Amino acid sequence: MQKYLTLADGKQWIGTAFGDRTRVGAGQIVFNTGMTGYQETITDPSYLNQLIAFTYPLIGNYGIDPHVNQATTIGAQAIIVHELADFSDHYQSRQTLANFLAVHHVPGIMGIDTRDLTIHIRQHGTQAAILSNHPLTDFAATLASLPNKPLLNQPAVHPAFHTTGPHIVILDFGEKTAITTELQKRGCQVTVVPGNTTFKAIAALHSDGILLSNGPGNPENYQAVLPLIRQLAMHYPLAGICLGHQLIALAYGARTYQLKFGHHGMNHPVTNLQTGRVMMTAQNHDFAVAADSLAGTGLQVTATELNDGSVEGLQLVGQSVMSVQFHPEAHPGPVEAGQFFDQFIASLQKEAVANA
């Protein structure tokens, strides 16, 4: 069965269907440069309503392990690959990628030139795209008629490995489960609540610190939560990851902007401006904080991306507020950026001593 991938600028690729063969996918198209970790990428809530094109030519060869999912549902609209492995070869595999997508009602297309697609996106920028079962006669009308997937934030409580550790409340805007896991590994008790939870409800949880999670979409669409962020920062040590980083910037008066084709992959070099150390990081975002908008906000840049110089870390002068644009929990990706969690936990302990 043929599938048709059509971009808003009229460019089209024709390939073969897999996954949910009957479903149509529509949204923003992005490319991911990771050579592994396709399952964690597909289940990352930050890809809500996006079509993911994998640049690595062979996808699906080690199958699907349900224990590495980053969410219970798939927010992505479609998956695009050059070659799909028709069988999986790994002792932890429980199903093929094609079957996994079919179960979750996500369409896919294989057999297209993903190198050509990636070059096109890099040259012309990310844009709307539709994966359809038939050639399109009216792109705009078809796009308008297709529904988006909703983002579901459900509160959860995760018991600590060590009950003597700090209690961290995560505001969930589309959290990857690996964030919770990394905090638990460090002995933290973690409570996850929806991103629109009130300050009163959060205060009733008696946490030691607050973490703003990653999530999808334009950070400018989260204006309603900005007063809450400022209020929380007055009472708790506060950290942000990816979208959470952008929301902290907006809360203190900075601006964000859309990148031409985003950062989606596991090989992004980042310089820690405080130590001079360069680390490889996992990233997944389409927006960034505007460096020229930070004057007068109290925010200082703590890290930058080596490829394009974009802001990768922030710290609020005089307060325990810190954030990173990259994903310190990785999954998939290099683990060296995990020190961010250690720094945040250290700030909690320092705050506790100061208030003792």
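Before reading on, note that the structure itself is shown above.
Quick caveat, the model's predicted, so the values are computed rather than measured. (Residues numbered from 1 in each chain as written. Predicted model: local features only at pLDDT ≥ 70, side-chain atom pairs only at ≥ 80, totals over all residues. Heavy atoms only, no water.)

Q: Lay out helix α8 (residues 243-251) with the relevant residues and their values.
A: The element α8 is largely enclosed, with a buried count of nine among its nine residues. At the C-terminal side of α8, G253 shows a positive phi close to 100°. (Buried < 20%, exposed > 50% of the residue type's maximum accessible area, 1.4 Å probe, protein only. Helix = DSSP H or I, 4+ residues; strand = E, 2+ residues; numbered from the N terminus.)

Q: Break down the pattern of salt bridges for me, with residues and values.
A: Throughout the structure, instances matching the rule amount to six salt bridges. We note a salt bridge from R255 to D292, for which the minimum N-O separation is 2.8 Å. In this pair, R255 is assigned in the loop between α8 and β15 (256-272) and D292 in the loop between β16 (278-289) and β17 (299-305), connecting sequence segments 37 residues apart. The partly exposed category is assigned to R255, whose relative accessible area is 41%. With its nearest N and O atoms 3.7 Å apart, the salt bridge here joins R277 to E336. (Salt bridge = Lys/Arg side-chain N within 4 Å of Asp/Glu carboxyl O.)

Q: Before we move on, can you summarise unusual backbone geometry with the specific residues and values?
A: A negative phi holds for most residues other than glycine; trans holds for most peptide bonds. A cis amide bond, omega 5°, links H331 with the succeeding residue P332. With a phi close to 60°, C242 is a non-glycine residue in the positive phi region. In this fold, C242 is placed in the loop between β14 (238-241) and α8. You can call C242 buried: its relative accessible area is 2%. Residue H331 is not a glycine yet carries a positive backbone phi of 55°. By the secondary structure assignment, H331 is in the loop between β19 (321-324) and α9 (339-355).

Q: A description of the layout of surface pockets should follow, citing residues and the corresponding values.
A: Roughly 480 Å³ of volume is contained in the second largest pocket. Lining the second largest pocket are 27 residues, and of these Q315, V321, M322, Q343 and S347 lie nearest its centre. Sorting the residues of the lining of the second largest pocket by element identifies β17, β18 (311-316), β19 and α9 as the ones contributing at least two each. The element that contributes the greatest number of residues to the lining of the second largest pocket is α9, accounting for six residues. Its residues placed into classes, the lining of the second largest pocket shows 13 nonpolar, twelve polar and two charged. (1 Å grid on protein atoms, 1.4 Å probe; cavity = no way out; pocket = protein on both sides within 12 Å on 5 of 7 lines; lining within 4 Å. Points joined across faces, edges and corners; volume = space filled by probe spheres on them. Nonpolar A, V, L, I, M, F, W, Y, C, P; charged D, E, K, R; others polar.)

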